[in-house]
Each structure stands twice: as C-alpha cells, then as structure tokens.
Amino acid sequence: MNLLKTTNIIFSESLLSLRRKIGRFFGLLLLSIIFIVVFELAYEPSADDINNFLPGLIWVTSILSSSIGILKIWDDEESEGLMDLLKSSPLDRGGIVLGKSLWGAFVCFTITVSTLLMTFFFFDYTLDLKQFFFLLIVILFSSIGFGFLGALFGALSLGLNFRNILLPLFLYPLAVPILMASINITKDILVNGFLIGTWFYILFVYSFVQFLLVFGLGEQSLES
Amino acid sequence: MKNQSKKWILPAWFITLILVDFGILYWSPPDAAQNMGTRVYMMYMHVPFAWTSFLMTVLGALAAGIYLWKKENDWERTSRAIIEVAAVSAFLTLMTGSVWGKITWGTWWVWDARLTTMLILFLLLCAYLIVRDMHGSSYEGKKTGSIIAVIAALNVPIVHLSVNYWRTLHQGSTIFRQEGPPKIDSDMFVILLTCFGVVLWWAFSCVKLRLSGSKNG
Amino acid sequence: MSKTAISLDSVYKKFNDSYVIEDLNFSFPSGETALLKGRNGIGKTTFFRLIAGVIKAQKGKIETMGGIPTQNKIRSLVNYMGPNDGFYEHLSAYENLTFFQKVFSSGKNFSRDSILKSVDLWESRNVATKNYSTGMKKRFALAISMIRNSELYLFDEPFKGLDDVGKEILKGYLEKIKKEKKAIFIISNLFNDIEGFDSVYEMASSSVVKKIK
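A few points about the overall build of chain A
Reasoning step 1: Helix and strand counts for chain A stand at 8 helices and 0 strands.
Reasoning step 2: Radius of gyration (C-alpha) of chain A: 18 Å, near the 17 Å computed for a compact globule of 224 residues.
Reasoning step 3: Every one of the 224 residues in chain A was classed for burial, and the buried ones make up 45%.
Reasoning step 4: In chain A, the proportion of contacts linking residues at least 24 apart, taken out of those at least 6 apart, comes to 86%.

Structure, rendered in structure tokens:
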C-alpha cells in the first residue's frame with residue numbers, strides 16, 4: 001500500500017475516533033482556560049502590558065495543552081497486539097507515522113486557535129482580519145513543527161519504560177525554537193502588523209525540517 | 001401516550017419563553033437607577049440562568065453525595081443529568097453576562113471576583129462531565145465525578161458572596177442581601193421570578209428527558 | 001508462488017543483550033499445515049514475529065513467501081495473528097472492521113455483518129471492544145483475520161481464551177483455509193496435534209526448530 005493511502009487511512013481513523021474521545025479533546029481546551037485563569041490570578045497584568053504578555057501567554061498555554069494531546073497520539077498503538085498487527089499489515093510504515101503526525105498537527109492547530117480566541121476574549125483584545133489571517137499562518141507552521149516532532153518522538157519512544165516522563169523531556173527542549181519564533185512573530189503581528197521577518201524564516205525552516213524528518217525517519221522509527 | 005408527551009416538553013417550553021419575552025417587553029419598567037434602559041432585558045435571562053446553575057449544582061452535588069454514601073447507580077444517573085443542566089446553565093450565564101458586559105462596560109470580560117469565580121465553577125462542572133464521559137460505567141469514574149460535583153457545590157457560596165467580599169465591577173447583591181429586603185422594583189421582581197420559573201421548567205424537563213433516555217440505554 | 005513459504009538462514013535476534021534466536025535455520029513448505037510447540041519463553045512468538053516482518057533480525061536471512069518479510073507486497077500475503085489483542089479498544093467491532101477493511105484491500109469483498117455473525121459477535125457489534133470478555137476479544141481477532149486473503153497464516157496461541165463454541169468456530173475456519181491449500185503455522189501448547197494438520201514442529205532451543213511428527 002502506498003504512503004498517501006496509508007496516511008489517509010490512519011488520519012481518518014484518528015479523526016473518526018475523536019467522536020469517542022471528544023471528552024479528552026474538550027479537556028485540553030479547558031486546560032487552556034485554566035492556564036489563562038492561573039496566569040491572570042498570579043500576574044494581574046495591566047492593560048498597558050498587553051502586547052508584551054499576550055503572545056507569550058498564548059503560545060505557552062497552547063504548547064502545554066497541546067503537548068498533552070500529542071503525548072497521547074500513540075496511546076492505542078502502544079498495545080503490542082495492535083502495533084504488531086499494523087506492522088504485519090500491508091500499511092506503509094512511513095505512512096502510519098505520517099498519518100499520526102498529521103493528526104498531531106491537527107490537535108495542535110485546533111487547541112492553539114481555540115486558545116488564541118479565548119485569550120483575546122478574556123483580555124478583551126480586538127484583532128483585525130489581516131492580523132487574524134497572519135496568526136493562522138503562524139499557527140499552521142508551528143502546529144506542523146510541533147505535531148510532527150511529537151509524533152516522531154512518540155513513535156521512537158514506543159515500548160520504552162517511563163515513556164510519559166521521557167517524551168516531554170525530549171520534546172520540550174526541541175520545541176523551544178518553535179516557541180520562541182511563534183511568540184516573536186505574534187508580537188510583530190500584534191504591534192506592527194508584520195508577518196514576514198527573520199523569526200518567520202526560522203519557524204518555516206524548522207517546521208519544514210520536522211516534515212522532512214518524518215518522511216525520512218518515519219519508517220525507521222517503528223522498527224524494532 | 002407518555003412518549004408523546006415527552007416530545008412536547010421542549011417545544012412547549014420554547015413557546016412559553018416567546019410569550020414571556022413579549023410579556024417582558026410590555027410590562028417591564030425601565031431600570032432608572034442604573035440607567036440601563038432596555039438593556040435590563042438581558043438581566044431577565046442572565047439572572048435566572050445563574051440561579052438555575054447554582055441550584056442545579058447544589059442538587060447535583062446532593063445526589064452525588066447520596067451516591068457516594070449508598071452506592072446506588074440511580075443516584076449517580078440523577079446527579080449526572082442534573083450536573084449536565086447545571087453546566088449548560090453556567091455557560092449561558094457566562095455568555096449572557098458577556099453580552100451584558102459588552103453593552104454596559106464595553107468589554108466582553110473582566111477579571112473581577114464574580115466573573116472569575118463563576119468561570120471556575122463552570123470549569124469544575126466541565127471537569128465532571130469530562131471525567132464521566134471518559135470513564136463510562138466504571139465505579140472509579142462515578143466516584144471521581146461525584147467528588148468533583150461536591151467540590152463544585154462548595155464553590156457556589158463563594159461565587160454568590162464574591163461581590164460582597166471582593167472589589168468587583170459586577171452589580172452587588174440585589175435580591176439575596178444581608179443588609180435588608182430585595183432592592184428591586186416589584187414589577188421587575190415578578191417578571192424575574194416568572195423568567196426563573198420558565199428556566200427552571202426547562203432545566204427540570206431536560207433532567208427528566210435525560211434520565212428517561214439514560215434508563216432506556 | 002514460491003515453493004517455500006518460510007526460510008530462515010542463520011538468523012540471530014537479540015533482546016536486551018541476550019539472544020532469543022541464535023543461528024536458527026528453518027524451512028517450511030508452501031501449502032503445509034503445522035503446529036509449533038515449545039516450552040514457555042523459548043522464543044516461539046519472536047520466531048513468528050520475525051517471519052511476519054514485525055521485527056527485524058540482527059543477522060541472517062529470512063524469506064517469507066519468497067521475499068523479504070518487511071516488504072509491503074510480502075506483508076499482504078501473510079496473515080499474522082499475535083498472542084495479544086490487535087484492534088482499537090475504544091472502537092466497536094463494526095468500526096474496527098470498517099478500519100481494517102481499508103487496511104486489507106481484500107476486506108472489501110467481505111460483509112461485516114456476515115463476518116461478525118460467523119464469530120457470534122453480531123449482537124455486540126456496536127459495543128466498544130474494550131468491554132468484551134477475553135473470549136469475545138479472541139473471536140473478534142479471528143474476525144479481523146477472516147477479512148484477509150493471504151497465502152501464509154501465522155497464528156500465535158489462537159485457541160487460548162476461547163470457549164468450546166469459539167474453538168469450533170476457529171477449527172471451522174482452519175478447515176476452510178486448509179481446503180484452499182494455504183500454508184498454516186500455529187503456535188499452541190494446548191494440543192499435541194490438530195486433526196487434519198500435516199505436521200508438528202517443536203522449538204527445542206533458540207537455535208532449533210525440528211519436525212517431530
């Protein structure tokens with residue numbers, strides 16, 4: 001079976017499974033709200049400060065919430081029986097990892113957009129259409145970067161002891177460039193209305209590298 | 001016959017709500033003290049939903065507490081049905097309050113005590129729903145959910161008293177005041193109670209529908 | 001089609017610094033039906049997983065149906081059913097079969113209803129499989145196997161957890177694929193022999209799989 005067909009099958013299954021796991025998904029959205037509430041109660045930022053703290057708040061909250069979703073991507077396949085069946089099936093192994101990566105990117109994208117909208121609601125910040133569109137582009141690239149990274153490392157760590165501790169230890173340091181670039185680009189968009197700049201190039205290249213890594217290492221990551 | 005009457009509950013409620021809305025437009029005096037004019041009509045939705053969410057949270061917690069004590073599944077099902085309605089009421093309270101805030105203060109949200117504590121109550125109710133959704137019929141899920149319901153109910157007096165003990169943009173207690181009788185026009189009070197009645201009817205109808213649905217599987 | 005279904009040539013497989021399979025040489029002809037026995041922990045499951053392409057050997061050459069087992073086209077010829085449940089537990093039987101029908105292209109030729117009826121799971125088709133009993137899960141794993149059209153069938157402890165009804169369903173299925181002249185290789189310590197099967201093999205050590213009957 002070819003790569004694209006396998007990717008489609010795996011991604012479609014994850015999407016259909018959402019119906020049975022919708023509680024978990026809403027839990028991540030609620031977690032974002034909780035992070036925002038805790039930040040507000042702890043920091044009590046002033047209205048003048050808004051352009052400084054808002055980008056950091058949006059991205060740190062999104063990364064924390066979506067990382068919990070990403071850590072759970074391979075939960076079902078962690079059962080040895082299912083993984084053995086998938087590996088012995090005609091599915092392209094690279095396609096399995098690519099399908100899961102797309103799912104990870106989707107989770108990231110949805111959580112980040114929701115967090116963005118909630119943050120602007122709670123801090124009464126008005127965006128124009130152009131700024132919102134630019135932010136969507138940033139979210140798209142960062143979701144690809146983080147989602148693909150998370151799925152690849154998730155596949156690599158299948159079968160490892162203490163996976164739930166090890167995976168964040170791998171993931172967060174490698175996600176720092178995405179976080180830094182996204183925060184700085186968001187600041188630029190909110191203050192100056194610019195999208196394209198050095199940070200955008202960094203984000204684009206980093207996300208593209210993650211994309212290529214999944215293509216290159218996807219199959220090997222499932223080998224044992 | 002019984003099933004047919006269930007089908008009419010929600011349409012009947014909706015028609016009653018429309019009739020009450022016309023009644024509000026015709027009978028309600030403008031609220032001179034706050035100079036809100038016709039924006040007071042938003043209050044007729046917001047306050048009843050808030051009261052309903054508090055009442056349903058407490059009732060749901062009560063049923064949850066009885067389940068924890070007696071371990072009978074009927075009490076847990078009742079608790080779940082009530083908390084679902086409490087969560088929807090809390091959400092509608094926050095939404096109607098946001099619209100009110102945008103019109104009155106020019107902002108969808110402020111981090112004052114009443115709004116923040118109400119948001120926390122809503123998050124606790126959602127946490128209950130998520131735990132129950134993810135853990136289906138397991139005893140551990142029911143037990144955890146019931147404990148969350150009880151904790152949510154403990155939050156209700158904090159929400160109610162928040163306007164008295166913290167600095168807040170939100171209007172202070174108008175009806176349930178420690179200082180004296182309700183500080184509200186009598187006509188408005190009657191309309192408010194009518195609206196509360198309608199919302200309560202909706203709430204209990206939803207609970208009844210939910211319970212009969214969950215019993216049938 | 002290759003005359004040899006399985007061929008292992010000086011194969012080594014290590015787990016955690018110790019060899020589970022060590023210099024193993026083995027050959028299994030196409031169309032043969034056999035039982036594999038051996039004591040617990042000797043490496044039978046690892047042996048099957050190597051043949052099915054689930055894991056890779058450190059050294060040596062493995063050929064399954066005339067090709068490398070990890071190749072896509074070879075994996076579509078091999079029907080491997082492991083000792084552990086291989087399906088999505090949060091999905092119902094119906095939903096799982098819908099997924100696996102896409103995975104195995106031959107799955108489109110089978111009706112979900114008739115497959116589930118044949119393993120006596122039609123009544124619980126819409127229940128999430130995590131709520132199934134051990135026997136029901138085993139029967140469902142069999143149902144997934146039934147929607148595949150393969151040349152080599154590798155079943156690891158397929159009778160474990162099945163009640164008498166389940167065992168009869170499995171025996172009927174084995175009979176059916178035997179008539180189609182497919183190669184069947186089963187791991188089971190529950191029987192000394194399976195009626196109608198050609199041979200019995202024993203994995204005596206990490207290096208030896210010999211025919212005892």
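What about the interface of chain A and chain C?
Reasoning step 1: The partner chain C presents 23 residues to the 21 residues of chain A that form the contact.
Reasoning step 2: Where the side of chain A that touches chain C is concerned, the elements lending two or more residues are helix H1 (3-17) and helix H4 (80-88) of chain A.
Reasoning step 3: Considering each element in turn, the side of chain A that touches chain C owes the most residues, 7 residues, to H4 of chain A.
Reasoning step 4: Partitioning the side of chain A that touches chain C into residue classes produces 6 nonpolar, 6 polar and 9 charged.

Here's the deal with the confidence of the model for chain C
Reasoning step 1: Within chain C, residue pLDDT values average 89, and 98% of them lie at 70 or more.
Reasoning step 2: Overall fold confidence (pTM) sits at 0.85, and the ipTM for the predicted complex is 0.89.

Focus on the nonpolar core
Reasoning step 1: With 166 residues, the main nonpolar core has Leu125 and Tyr128 of chain B together with Phe140, Ala143 and Leu154 of chain C as its most contacted residues.
Reasoning step 2: When residues of this core are assigned to their parent elements, the largest contribution, 15 residues, is made by helix H2 (residues 40-70) of chain B.
Reasoning step 3: When sequence neighbours within four positions are dropped, the list of residues in contact with Phe140 of chain C reads Phe87, Ala93, Val119, Leu121, Thr129 and Tyr132 of chain C.

A word on the pairing of strand S8 (residues 199-203) of chain C
Residue and element names in this part refer to chain C.
Reasoning step 1: Bridge analysis of strand S3 (residues 33-37) against S8 gives 4 bridges, and the strand direction is parallel. Of the residues in S8, the one forming a bridge with Lys37 is Glu202.
Reasoning step 2: Relative to strand S9 (residues 209-211), S8 is paired through 3 bridges, and the arrangement is antiparallel. Within the sheet, the bridge partner assigned to Tyr201 lies in S9 and is Lys211.
Reasoning step 3: Where S8 hands over to S9, the hairpin turn is made up of 5 residues, counted between the paired strands.

Points about the interface of chain A and chain B
Reasoning step 1: In this complex, chain A contributes 12 residues to the contact, which on the side of chain B involves 13 residues.
Reasoning step 2: Those elements that place two or more of their residues in the side of chain A that touches chain B are helix H2 (22-43) and helix H5 (93-122) of chain A.
Reasoning step 3: Its residues placed into classes, the side of chain A that touches chain B shows 7 nonpolar, 2 polar and 3 charged.

Comments concerning the packing of helix H7 (residues 163-191) of chain A against helix H8 (residues 198-221) of chain A
Residue and element names in this part refer to chain A.
Reasoning step 1: Running from N to C, H7 and H8 cross one another at 145°; their axes reach a closest spacing of 9 Å. As for the relative orientation of H7 and H8, their crossing is left-handed in sense. In this structure, H7 uses Pro177, Ile178, Ala181, Ser182, Asn184 and Ile185 to contact H8, whose residues at the interface are Trp199, Phe200, Ile202, Leu203 and Tyr206.
Reasoning step 2: Along the lines of polarity and charge, the residues of the contact of H7 with H8 split into 9 nonpolar, 2 polar and no charged.

Definitions and limits used
Residues numbered from 1 in each chain as written. Chains lettered and ligands numbered in written order. Predicted model: local features only at pLDDT ≥ 70, side-chain atom pairs only at ≥ 80, totals over all residues. Helix = DSSP H or I, 4+ residues; strand = E, 2+ residues; numbered from the N terminus. Rg over C-alpha atoms; globule rule 2.2 N^0.38 Å. Buried ≥ 20, exposed ≤ 12 C-beta atoms within 10 Å, placed from the backbone. Contact = placed C-beta atoms within 7 Å. Nonpolar A, V, L, I, M, F, W, Y, C, P; charged D, E, K, R; others polar. pLDDT = per-residue confidence, 0-100. Core = buried A, V, L, I, M, F, W, Y, C linked by C-beta atoms within 7 Å. Pairing = 2+ DSSP bridges. Axes fitted to C-alpha atoms, helices over the stretch in contact; angles between N-to-C directions. Left-handed = near helix turned anticlockwise from the far one by under 90°.

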